[in-house]
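# Analysis of the macromolecular model
For reference, the chains in residue letters:
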Amino acid sequence: MQLIGKYMERKYFTLSAFLIIVIISVSGWGYLVHRTVAQLAIYELPKLMQAFFYTHKDSLVYGAPRPDVRRNQDESEGSKHYMDMEYFGDSAFSVVPRKLEDAVAKYSFDTLNKYGTLPYVVVEYMGKLTDAFRSQNADSIVFYAADLSHYIADAHVPLHTSINYDGQLTGQNGIHDLWETTVPEVEILNYKLSSRHKAKYLASPEQEIWKIIEHTFSLLPEMFAQEKEVSKNFTDSTKYRWEVRWGKNRRFYTSAFAKEYSRALKTSINDQLIASSNALADFWYTAWVNAGKPDLEKILKQSYNKRGFKAERKAFLKNQLVAKKILISTQRMTKD
Ligand SMILES: [Zn+2]
């Protein structure tokens, strides 16, 4: 008995330690959206990339949240997921250097580490993916393509571009989780998860990611203002729920509030999700072109289910991925 008890105790401990790690790691768009973004981008790729990316779909989709998991193990990871643009002044987008080395020279590495390096990290991972294509290493291509998908998706979340990243400066604590996790969780079945976008070549990925972040940043005033507006119809007890997370009793917004908030923001969160996939397809495609368009079918170890890809792509174009149970992220809507 005692032995079993000890065993159970240990097993329980391992399980709860695992759960804690998993729960802490849920940040950024949340697993649901990170996975969705990676899957949708696959359908926007040109013919010569389809076989490889579709065959590695599961690894790409399940790998997309990985950089958030790394945050628990690696202290230097955190600052890669955001950039607090307000710190750099009112004309941040014209004064912050586009190249990391110039930015380090101007602001110091410590400052950047504190206020975030997201756009530089996108360029860095773009380089890693290009190298992986060049060396035709299938595992590295999948690994860096998934990592890149994460950072590009984070660059579409307004609160990843702000010093007021959780509404903590305006009495709107919890808005981070509301916008990027709770709203998508309650709304994803109603989202338009289709796009006519076809991967296009980016002459300057560096300029592109800064353009993306500038647009993302421009969404902040509206998202804070709508939270205040919607709050007028809620009391504290209908607006918030309490949940023990990270060992503390923490306040979260209710699903009812998330639904109203989503209605107030119209399509803006859905639009950012689709914009993430569109941009991701462009970055993947550009890395492949810059590597000299290597023949990806040559490094494919499994056979390619072309018919499967075609059927899924058709469902994607018709916004039927959820209805046809093809969208991996909604097949198991848990925070695992
Ligand atoms: Zn992240």
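### Quick notes on the overall build of the chain
A tally of helices and strands in the chain yields 18 helices and 2 strands. Against the 2.2 N^0.38 benchmark of 20 Å for 336 residues, the chain shows a C-alpha radius of gyration of 21 Å, consistent with a compact globule. Considering only C-alpha atoms, the chain reaches an extent of 65 × 55 × 45 Å along its principal axes. A burial count over the chain gives 39% of its 336 residues as buried.

### Details of unusual backbone geometry
Within the chain, Lys293 stands out as a residue other than glycine whose phi angle is a positive 50°. Non-glycine residue Lys325 carries a positive phi angle of around 55°. Checked against the element boundaries, Lys325 lands in the loop between helix H17 (306–317) and helix H18 (328–331). On the basis of neighbour count, Lys325 is assigned to the exposed category, with 11 C-beta atoms found within 10 Å.

### What about the nonpolar core?
Counting 79 residues, the largest nonpolar core has Val122, Leu129 and Trp284 as its most contacted members. Apart from residues no more than four positions distant in its own chain, Trp284 is found in contact with Ala41, Leu45, Ala145 and Ala199.

### Considering the pairing of strand E1 (residues 240–245)
Of all 6 residues in E1, 0 are buried, a share of ten percent or less. Here 6 bridges tie E1 to strand E2 (residues 248–253), and the two strands are oriented antiparallel to one another. What sits directly across from Arg245, in E2, is Lys248.

### A word on helix H12 (residues 205–218)
Residues spaced three or four apart along an α-helix face the same direction, because each turn holds 3.6 residues. Counted at 1.5 Å a residue, the expected span for H12 with its 14 residues is 20 Å, and the 20 Å between its end C-alpha atoms agrees. Turning to H12, its buried residues number three or more, namely Pro205, Glu208, Ile209, Ile212, Ile213 and Thr216. Each buried residue of H12 lies within a common arc of 130° when the element is viewed along its axis, so the set occupies one face. Turned more than 90 degrees away from the buried face of H12, the exposed residues are Gln207 and Ser218. On its buried face, H12 sits against helix H9 (118–134) and helix H16 (268–290).

### A closer look at the confidence of the model for the chain
Mean pLDDT over the chain: 91, with 90% of residues reaching 70 or higher. Every residue in residues 1–27 scores below 50 in pLDDT, and together they form 15 contacts with partners more than four places removed in sequence or on other chains.

### Thoughts on the environment of Asn270
Structurally, Asn270 can be placed in helix H16. For Asn270, a count of 19 C-beta atoms within 10 Å corresponds to the partly exposed category. Distance from Asn270 to Asp110, taken between C-alpha atoms, is 35 Å for residues 160 residues apart in sequence. Contact partners of Asn270, with chain neighbours within four places excluded, come to Tyr191 and Lys192.

### Side note on the environment of Glu227
Its place among the elements puts Glu227 in helix H13 (residues 220–231). A tally of 23 C-beta atoms within 10 Å means that Glu227 is categorised as buried. Taking C-alpha positions, Glu227 is 7.9 Å from Gln172, a pair spaced 55 residues apart along the chain. Contact partners of Glu227, with chain neighbours within four places excluded, come to Gln172, Ile175 and Tyr261.

### Description of helix H11 (residues 175–187)
Along its length, H11 shows its largest kink, about 30°, at Thr181, and proline Pro184 lies within four residues downstream of that point. Here H11 has its buried residues at Ile175, His176, Asp177, Leu178, Trp179, Glu180, Thr181, Thr182, Val183 and Pro184. Of the surrounding secondary structure, the elements contacted by the buried residues of H11 are helix H2 (30–42), H13, E2, helix H15 (255–264) and H16.

### Digging into the packing of H2 against H11
For the pair H2 and H11, the least separation of the axes is 7 Å and the interaxial angle reads 75°. Classified by the interaxial angle, the pair formed by H2 and H11 is roughly perpendicular. Two secondary-structure elements touch here, H2 through Gly30, Leu32 and Val33 and H11 through Glu180, Thr181, Pro184 and Glu185. Here the residues of the contact of H2 with H11 sort into 3 nonpolar, 2 polar and 2 charged.

### A few points about the packing of helix H10 (residues 138–154) against H16
Relative orientation of the contacting elements H10 and H16 amounts to 140°, with a least axis distance of 9 Å. Classified by the angle their axes make, H10 and H16 are oblique. Considering only the axes of H10 and H16, their crossing is right-handed. Contacts from Ala145, Leu148, Ser149, Ile152 and Ala153 of H10 reach H16 at Ser276, Ala279, Leu280, Phe283 and Trp284.

Calculation rules
- Residues numbered from 1 in each chain as written.
- Predicted model: local features only at pLDDT ≥ 70, side-chain atom pairs only at ≥ 80, totals over all residues.
- Helix = DSSP H or I, 4+ residues; strand = E, 2+ residues; numbered from the N terminus.
- Rg over C-alpha atoms; globule rule 2.2 N^0.38 Å.
- Buried ≥ 20, exposed ≤ 12 C-beta atoms within 10 Å, placed from the backbone.
- Core = buried A, V, L, I, M, F, W, Y, C linked by C-beta atoms within 7 Å.
- Contact = placed C-beta atoms within 7 Å.
- Pairing = 2+ DSSP bridges.
- Expected span 1.5 Å × (residues − 1).
- Arc of directions from axis to C-beta.
- pLDDT = per-residue confidence, 0-100.
- Bend = angle between axes of the 7 residues up to and from the residue.
- Axes fitted to C-alpha atoms, helices over the stretch in contact; angles between N-to-C directions.
- Parallel < 35°, antiparallel > 145°, perpendicular 65-115°, else oblique.
- Nonpolar A, V, L, I, M, F, W, Y, C, P; charged D, E, K, R; others polar.
- Left-handed = near helix turned anticlockwise from the far one by under 90°.

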